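Here is how the chains run, residue by residue.
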Amino acid sequence: DIFLRSPKETESKHLPIYRHRDKLVQAVKSSTFLVVTGETGSGKTTQLPQYLHEAGFCKDGRIGITQPRRVAAITVAQRVAQEMQCTLGKEVGYQVRFDDCTSQDTQVKYMTDGCLLREILADPGLSQYSVIILDEVHERSLNTDILMGLLKKIFSDPDKATKGRSFPLKVVVMSATLETEKLSAFLSDCPVFAIPGRAFPVTCTFGSAVGPKDIESTAYVKEVVKVALDVHTSEMAGDILVFLTGQSEIERACDLLFEKAECIDYRYDVHDRTVEGLLILPLYGSMPTDQQRQIFQPPPKGIRKCVVATNIAATSLTINGIKYIVDSGFVKQLNHNSRVGMDVLEVVPISKSEAQQRAGRAGRTSPGKCFRIFSKDFWETCMPEYTVPEIQRTSLTAVVLTLKCLGVHDVVRFPYLDRPEERFILEALKQLYQFDAIDRRGTVTDLGKLMVEFPLHPGLTRAVLRAASVGCEDLLLPVAAMLSVENIFIRPGHPEKQKQADQRHRALAAKTGSMNDFATLLSVFQLCKSSDRPSAWCKDNWIHWRALKSAFSVETQLREILLRLQQVQDFPAETFDGNKSELFRRCLCTGYFNNVARRSVGKVFCTMDGHGSMVHIHPSSSLFDQEAELNWVIFHDVLVTSRVYIRTVCPIRYEWVKDLLPKLHEVDVYELSSVARE
Ligand code: ADP
Ligand code: MG
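What counts, and where the lines are drawn
- Residues numbered from 1 in each chain as written.
- Chains lettered and ligands numbered in written order.
- Predicted model: local features only at pLDDT ≥ 70, side-chain atom pairs only at ≥ 80, totals over all residues.
- Heavy atoms only, no water.
- Pairing = 2+ DSSP bridges.
- Helix = DSSP H or I, 4+ residues; strand = E, 2+ residues; numbered from the N terminus.
- Axes fitted to C-alpha atoms, helices over the stretch in contact; angles between N-to-C directions.
- Contact = heavy atoms within 4.5 Å.
- Buried < 20%, exposed > 50% of the residue type's maximum accessible area, 1.4 Å probe, protein only.
- Core = buried A, V, L, I, M, F, W, Y, C linked by side-chain atoms within 4.5 Å.
- pLDDT = per-residue confidence, 0-100.
- Parallel < 35°, antiparallel > 145°, perpendicular 65-115°, else oblique.
- Left-handed = near helix turned anticlockwise from the far one by under 90°.
- Nonpolar A, V, L, I, M, F, W, Y, C, P; charged D, E, K, R; others polar.

With that settled, the discussion passes to the sheet that holds strand β3 (residues 92–96). Strand pairing in a sheet relies on backbone hydrogen bonds, with the paired strands running either antiparallel or parallel. In spatial order, the strands read β4-β3-β5-β2-β6-β7-β1-β8; together these 8 strands make up an open sheet with mixed pairing. With one partner strand each, in any of the chains shown, β4 (99–101) and β8 (192–195) form the two edges of the open sheet. Sheet twist, expressed as the mean angle between neighbouring strand axes with direction ignored, is 20 degrees. Relative to strand β6 (residues 129–134), strand β2 (residues 62–67) runs parallel, the two being bridged by 5 bridges. Within β6, the position partnered with I65 by the bridge is I133. Sheet strands touched by helix α4 (residues 70–83): β2, β3, β4 and β5 (108–112). Its angle to β3, the strand with the most contacts, is close to 170 degrees.

Here helix α3 (residues 44–54) lies mainly inside the structure; 9 of its 11 residues are buried. Taken together, the buried positions of α3 are occupied by K44, T45, T46, Q47, L48, P49, Q50, Y51 and L52. Two residues or fewer past α3, G56 is found with a positive phi of approximately 90 degrees.

So, about the nonpolar core. If you look at the biggest cluster of nonpolar residues, it comprises 111 residues, and the most contacted ones within it are I146 and L548. Per-element tally for this core: the top contributor is helix α23 (residues 545–568), with 9 residues. With near-sequence residues (within four places) excluded, L548 lies in contact with M482, I488, V524, C528, C538 and I543. One finds V36, A77, C86 and V131 within the second-largest nonpolar core, a separate group that totals 54 residues.

Here the focus is the confidence of the model for the chain. Per-residue confidence for the chain averages 89 on the pLDDT scale, and 93% of its residues sit at or above 70. Contacts of residues 1–5 to residues separated by more than four positions or lying in other chains number 2 contacts, the stretch itself having pLDDT below 50.

Before going further, it helps to examine the sheet that holds strand β14 (residues 304–309). As summarised here, the arrangement of the 6 strands in space is β9-β18-β15-β10-β14-β13, forming an open sheet in which the pairing is parallel. If you trace the sheet from one side to the other, it starts and ends with β9 (202–205) and β13 (278–283), each paired once. Each adjacent strand pair in this sheet contributes to an overall mean axis angle of 20 degrees, direction not counted. Note that strand β10 (residues 239–243) and β14 share 4 bridges and pair parallel. Bridge assignment links L241 to a residue of β14, and that residue is V307. Here helix α11 (residues 289–296) sits on the sheet in contact with β13 and β14, set at roughly 130 degrees to β13.

What follows deals with the side chain of T245. The topology assignment puts T245 in the loop between β10 and α10 (247–264). Setting aside residues up to four positions removed in sequence, T245 forms contacts with Y220, T310, F330, V331, K332 and V347.

A separate point is the packing of α3 against α4. Between two packed helices, the angle of one axis relative to the other and the distance separating the axes together describe the packing. Direction vectors running N to C along α3 and α4 enclose 50 degrees, while the axes themselves pass 10 Å from each other. The angle between α3 and α4 places the two elements in the oblique class. Once α3 is placed against α4, the crossing between them reads as right-handed. Between α3 and α4, the residues in contact are T45, T46, Q47 and Q50 and V76, R79, V80 and E83, respectively. Among the residues making up the contact of α3 with α4, the classes are represented as 2 nonpolar, 4 polar and 2 charged.

Right under this line is the structure:
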């Protein structure tokens, strides 16, 4: 009976990696660094750690595998636990930010790259581990790139490498693409192990719905739905994988598919009376894990599966049975936006190499087809050859602080696989100086050492620490937690329901009396927490109960970090007299003084960070339409569409930031950088 056997016996022996098992284990044994490459789906992520486990690598320590994406770490750990027939969290576990599912017994640990970076802070020799596998290196996430540099720095030198360790560490770097020569050269010319692939041809066709003029339009959502339905009605059996950008678009596409599919299918076959339909499954980062599991299950007989996913399905997760790809040509990315001088989540065209990777998902087990909804013109004029590594397009503030705390003083000459522009490094140093995390000479301060302990954006950490120093952490910890989980306010697509939800959310905001979005977050947190029936309370108020539950857990964890630090370190203390609302907002100002805006005319605000961008308050804010009464505000983040919107807004008084703002101009960044170059 197939269900009684472990999936390992039935499936994993057919994976391309299986035949190379012994040689791979040998290769890991015989050198410190090893690069492993192979087509997506060949079995690298799920199988190699098991081979090493069986070969006795866990005798001395754990095997740690990093993933750039949180969902990938969790899903893959679940799969491997199942293959190894053990309980998740025992021999096989995972750790992602704010969710640790490991125990003393954990031998194979999947985690995000950010988690490993934190572990290096606490234990630079990584003494718990016998093997570190950096996975999905081709994705070039900021943290994975930094880890590459750190591991090279620490373990290239055999003397340093054994410091604090009783046995040598092995480092394996895994990548799906052919950048392997560059990786090997970076890691002291280490050996490369290439798992021969077996990819089938994929026929790609271009569409006409999205051309070079449509970069800012969102028409691609409707178009992918149309194309997916065409595939469903006219193509042979085989599942569909649709690439879209993010949660809200994916849900909208699934709704549309559902509506339309109901009209066209579920027709009964006269012979065997099975329902011939379409099983529609969304797949994105913040989805509940039990829903994610469904993605991998084969659809019921006679039913076609259609997975609508973010880029996560491009290389991180492999879904069997996919024969058709529908590619929107877009991806959601965190980019440094020079127009507003901040990191902004943006929808941008994917690169050509990314488009090829997406198409390849249709040819894993048999020939496939890829339907690109964009035109050949779009491909030629709008899509870059390769994706720019994250390190070259986002804020480096948090990682520069981490590096400084690890004793890497010269952050300009750190071994980067691809060097970020110097102005990005300078910008990070300047911000850290403004936060008092480093001094004028670029040396990390006591405050900086406290800040690095929090898995939060440095500005938010700064606000929490200020609050703790005046004894009002109860106001800021919940806010930090609420801003660290996915959006807690439900925004229904249906206009009538949207109206109801808006009304509820406005009523919640009004309860705080102060018209301040941060205060609303705090109040939602407290009201729900003190409710007898919290899930019902959430339902009544159009709040995501699941997100709020995670916020409760995050708040507890942040509080634990704070308590631990207060016990071991000299903690700054100050007194403050003034009312609670003022205290709350002044703490926020300490962290958000980079995000200050002043109203100029009508509803338009002007940012005060030197960029002087013109911004508007987002309609989701309780301050929307109240602009006339406002003068100075701070905000949490920015959304760029046809306009630049600020979100999560709080009115402040000029006096509160007056002393902080000059700091933006006071420091000579070249002084900081010359120190860094010394
Ligand atoms: P690679 O890392 O080389 O891309 P993986 O190890 O991720 O390959 O995948 C190997 C195989 O395991 C694929 O056929 C994939 O479909 C299967 N697989 C991975 N995760 C799961 C899961 N959660 N459920 C079912 N199958 C899975
Ligand atoms: Mg993989």
